[in-house]
Every structure is written in structure tokens, then in C-alpha cells.
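Single-letter residue listing:
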Amino acid sequence: MGLEKKSALLEDLIQKCGGCAVVDGGFATQLEIHGAAINDPLWSAVSLIRDPELIKRVHTEYLEAGADIVVTSSYQATIPGFLSRGLTMEESESLLQKSVKLAVEARDRFWDKVSKTSGHSYNRALVAASIGSYGAYLADGSEYSGNYGENVNLAKLKDFHRRRLQVLVEAGPDLLAFETIPNKLEAQACAELLEEENVQIPAWICFTSVDGEKAPSGESFEECIETLNKSNNIYAVGINCAPPQFIESLIRKFSKLTKKAIVVYPNSGEVWDGKAKKWLPSQCFGDAEFEMFATKWRELGAKLIGGCCRTTPSTIKAISRDLKRR
Ligand SMILES: C[S+](C)CC[C@H](N)C(=O)O
Ligand SMILES: N[C@@H](CCS)C(=O)O
Ligand SMILES: [Zn+2]
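Given the structure is predicted, the values throughout are model-derived calculations rather than measurements. (Residues numbered from 1 in each chain as written. Chains lettered and ligands numbered in written order. Predicted model: local features only at pLDDT ≥ 70, side-chain atom pairs only at ≥ 80, totals over all residues. Heavy atoms only, no water.)

### Some remarks on the pairing of strand 5 (residues 203-207)
Burial of strand 5 is extensive: five of the five residues sit out of reach of the surface. Covered by surrounding structure in strand 5 are Ala203, Ile205 and Phe207 together with Trp204 and Cys206, the residues of both alternating faces. Sheet topology places strand 4 (residues 175-181) next to strand 5; four bridges connect them, and they run parallel. Its bridge partner lying in strand 5, Ala177 is registered against Trp204. Tracing the backbone out of strand 4, into helix 9 (residues 184-196) and back to the parallel element strand 5 gives a crossover that is right-handed. (Buried < 20%, exposed > 50% of the residue type's maximum accessible area, 1.4 Å probe, protein only. Helix = DSSP H or I, 4+ residues; strand = E, 2+ residues; numbered from the N terminus. Pairing = 2+ DSSP bridges. Right-handed = clockwise from strand over helix to strand, strands pointing away.)

### Focus on the UniProt feature "domain: Hcy-binding" (unreviewed entry) in the protein
The feature "domain: Hcy-binding" (unreviewed entry), as annotated in UniProt, sits at residues 9-323 in this numbering. Secondary structure across residues 9-323 comprises 46% helix and 14% strand; the distance between its end C-alpha atoms is 19 Å. (UniProt positions renumbered as here; feature names shortened; annotations may be inferred.)

### A few points about the pairing of strand 4
Counting buried positions over the seven residues of strand 4 gives seven, a clear majority of the element. Across five bridges, strand 3 (residues 126-132) lies against strand 4 in parallel orientation. Within strand 4, the position partnered with Ser130 by the bridge is Ala177.

### Considering the site of ligand 2
Surveying the vicinity of ligand 2 reveals the residues Gly26, Phe27, Ala28, Trp43, Tyr75, Glu179, Thr180, Asn240, Cys241, Cys308 and Cys309. Here Phe27 contributes a backbone N or O atom positioned 2.9 Å from an oxygen atom of ligand 2. Between Glu179 and ligand 2, the recorded distance is 2.9 Å, taken from a side-chain N or O atom to a nitrogen atom. Mapped onto the shell around ligand 2, the elements with two or more residues apiece are helix 2 (27-33) and strand 4. For the shell around ligand 2, a count of residues per class yields seven nonpolar, three polar and one charged. (Near = heavy atom within 4 Å. Polar contact = N/O pair within 3.5 Å; in protein donor to acceptor, adjacent residues only side chain to side chain. Nonpolar A, V, L, I, M, F, W, Y, C, P; charged D, E, K, R; others polar.)

### A closer look at the side chain of Lys260
Looking at the element boundaries, Lys260 is found in the loop between helix 11 (247-257) and strand 7 (261-265). Although Lys260 is buried, it makes no salt bridge; Glu195 carries the closest opposite charge, 9.8 Å away. Of the polar contacts made by the side chain of Lys260, one reaches the backbone oxygen of Ser231; its length is 2.6 Å. Sequence-distant contacts of Lys260, that is, excluding residues within four places in its chain, are made with Leu228, Asn229, Ser231, Ile234, Tyr235, Ala236 and Val237. (Lys, Arg positive; Asp, Glu negative; His and termini not counted. Salt bridge = Lys/Arg side-chain N within 4 Å of Asp/Glu carboxyl O. Contact = heavy atoms within 4.5 Å.)

### Some thoughts on the site of ligand 1
In the region of ligand 1, the neighbouring residues are Trp43, Tyr75, Gln76, Ala136, Ala139, Glu143, Tyr144, Trp272, Lys277 and Trp279. Between an oxygen atom of ligand 1 and a side-chain N or O atom of Gln76, the distance comes to 2.7 Å. One of the side-chain N or O atoms of Lys277 is found 2.5 Å from an oxygen atom in ligand 1. When ligand 1 is considered free in solution it has 330 Å² of accessible area, and contact with the protein chains removes 99% of it. Taken together, the residues of the shell around ligand 1 break down into seven nonpolar, one polar and two charged. (Areas by Shrake-Rupley, 256 points an atom, 1.4 Å probe, with all protein chains shown as cover.)

### A short note on the nonpolar core
Leu176, Phe178, Trp204, Phe207 and Leu304 are the most contacted members of the largest nonpolar core, which has 105 residues in total. Looking at this core, the element that brings in the most residues is helix 6 (residues 89-114), giving eight residues. (Core = buried A, V, L, I, M, F, W, Y, C linked by side-chain atoms within 4.5 Å.)

### Details of the coordination of the zinc ion (ligand 3)
At 2.3 to 2.4 Å from the zinc ion (ligand 3) lie its protein donor atoms, namely Cys241 (SG), Cys308 (SG) and Cys309 (SG). Considering all four donor atoms around the zinc ion (ligand 3), the spread of angles at the metal, 96 to 130 degrees, places the coordination shape in the tetrahedral class. Expressed as a motif, the donor residue spacing for the zinc ion (ligand 3) is C-x66-C-C. Taken together, the residues span a long stretch of sequence, with Cys241 in the loop between strand 6 (234-240) and helix 11 and Cys309 in the loop between strand 10 (304-305) and helix 13 (313-323) at a distance of 68 residues. The pair formed by Cys241 and Cys309 is uniform in burial state, with each residue classed as buried. (Donors = N, O, S within 2.8 Å, 3.2 Å for Na, K, Ca; no water. Tetrahedral: all angles 85-135°; square planar, octahedral: opposite > 155°, others 65-115°.)

### Focus on the pattern of salt bridges
Tallied over the entire structure, the rule returns 19 salt bridges. The shortest N-O distance in the salt bridge between Glu105 and Lys56 comes to 2.6 Å. One end of the pair, Glu105, is in helix 6; the other, Lys56, is in helix 4 (residues 52-65), and 49 residues separate them in sequence. Judged by relative accessible area, which is 28%, Glu105 ranks as partly exposed. Here Asp159 and Arg162 are joined by a salt bridge, their closest N and O atoms 2.9 Å apart. With a gap of three residues between them, Asp159 and Arg162 both fall in helix 8 (residues 154-170), about one helical turn apart.

### Focus on the packing of helix 6 against helix 8
The N-to-C vectors of helix 6 and helix 8 enclose an angle of 50 degrees; their axes lie 9 Å apart at closest approach. Regarding the angle of helix 6 to helix 8, the classification is oblique. For the crossing formed where helix 6 meets helix 8, the hand is right-handed. Taken together, the residues of helix 8 that come into contact with helix 6 (itself represented by Met89, Glu93, Leu96, Gln97, Ser99 and Val100) are Arg163, Arg164, Val167 and Leu168. A class-by-class count of the residues in the contact of helix 6 with helix 8 yields five nonpolar, two polar and three charged. (Axes fitted to C-alpha atoms, helices over the stretch in contact; angles between N-to-C directions. Parallel < 35°, antiparallel > 145°, perpendicular 65-115°, else oblique. Left-handed = near helix turned anticlockwise from the far one by under 90°.)

### Quick look at unusual backbone geometry
Phi at Ala139 takes a positive value of approximately 55 degrees, unusual for a residue other than glycine. In the Ramachandran plot, Arg310 falls in the positive-phi region, its phi being about 70 degrees despite a non-glycine side chain. Tracing the backbone shows Arg310 in the loop between strand 10 and helix 13.

Given below as C-alpha cells:
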């Protein structure tokens, strides 16, 4: 299936949902709720090695909560990350494939079950392969600073992303989800790579923001989005893993900067301490607030809405209830 047909699948889903589809919530968060220890350089991707069944369980919980799109466990799954743990190239690539396979299996099993029941309100979900930023791989919090140092240039970022992208594409997800991109250079690298590799799967590119106005690097979103607007591969642009109170004004800003669909899935409002590797208590929003926010974000034109870190299936249930009411 080519790019146009796959994009049409996403468009159909958005339409079936009444104009706005629900993305799942914090994947790592739900792993931790089930007791997974992910304080590790591979973070949530360590579960691909240790507990693949738990990954399927978490995907299923988000599907049950009403997610129309599930995001795979590959955010911090990288070939260099796996190699530096002593895995072979073959094993590393097989774990990447597995991240897609697990989500597809969970989706198919769930859909097989619910599509046979009468009166259900679920849609057949799509699987988005997560592609975390270079900063996520560095595991030093730099997905929230955008500061990759002077030695990181466009070629290096493309090299970092290339093989993982190829393997994930080969595994056949419905979508590609570039997550927590903190600067213009990496957004450009991802967009150019999609074209160079002739990828036939629609992608979204999500940035983080720590001030509610700009990318973490300090670059304006106008600069960051410019290259993305020219790309046929990119279906949606937006924000993930930033605090929810920033989202309203960022949707307003993005609507002026792009004709692409807008995707938003913020975290709970807590702040990641990259050194201590833990979430710091901050202004934290609960399910009821997310439900109200989601109504507003939809009115402002977001086409894909969900949650990121520290949100859970109950957050997604609240968002889904709200967005599918009309
Ligand atoms: C989205 S952050 C909380 C992911 C974890 C981070 N890259 C780290 O490894 O420290
Ligand atoms: N998809 C990742 C994003 C982390 S910012 C997760 O939910 O674990
Ligand atoms: Zn997150």
C-alpha cells in the first residue's frame, strides 16, 4: 500500500471519529504502573528484552480505553543502544521489528474480539511506530533542551535515524510517530530522510516545548516547521510530552504556520529531571482537566489528541469519552 492509500486510512479514521482521533497515553508510565523497572539507558524499550507480554498488555489497555492509535514501544529502542548492551545487530533489528509486531498483534486481537460484539463504539485502531529523538537515545534529558552540542550536524542525525527507520518501515506499521523532537536540525533530518528513503508510510513529527512558545532549542516553531510543510511524507505536526497548559496557544500558533493536521499529546504537567531520571512534582493535571482541555483542543482544530508521559488509560478513557460524545 502506497503513501496515499495509507494516508487515506488515517483520514478515514479521523472522519469516523467525528473529526478528531484519539492517540494513546503514556506508554512507559503504564509499564511502570505494572511494576516494570525502566530506570535504564533504554528506558521503556528495556521491556522489549525483558517482558514483551507486558507490552502487549499495555497496548490492549489503551485500546480498551478508546485509543484509535497505539504508539509502539520503540521510543528509546535504537540499534546503538541495543549494541552497547551486548546485543548483536541482528538481535537489535529483531527487537525493533518486534515492537511493531506486538502492537499489531494487540490491535488485531482486540479488534477481532470487539468487532464481533454488537453496539460497540470502537474503531479498528492504527499502529504508529514510535521514533524517539536523538536526545531520547542520549538519555540525558536533551530531548527537553535541544542542545546536542557542536559535533552533531544534519548528516549525523540522519545516520542516527536511518537504519532504525528502515527496519521499522519494513515491519509494516500504519504510521510513523517522530516524538519529542527538540530542534529544527533534527526535524529537518527526519523529513529529508523520509524522502531519501522513499518511505510510503505517513508520519507525524512532534516537538517538545519547555516555555510554551518555542522549541526547547530556542528556535521558533516557524523555523522548525518550514521544512516540514514542504514534505509529502508528513501528515501531521504538533507537540508531545510538553505540559498541557501550553497546548491551547501552541495549537493556535501551529494553525497559522501549517496546513498539515495538528497532533497534540501532552504529558501530565510534571517535569522530567534528566539527571536524576525522575519526574518532578509540578503543576499536574488530572483526567477531568484533560477532558476539558481535549474539548478546547478539538475546537481549535487538532485532529489527533492523546496523552504522553504520566497519563494513563483512565486519561485516554476521559479524552475518548469527550471527543466521541458528539
Ligand atoms: C520522555 S523522557 C522521560 C524519556 C527518558 C529519557 N530519554 C532518559 O532516558 O532519561
Ligand atoms: N511514546 C513514548 C513517549 C515518551 S515521551 C512513551 O509514551 O513512553
Ligand atoms: Zn512523554
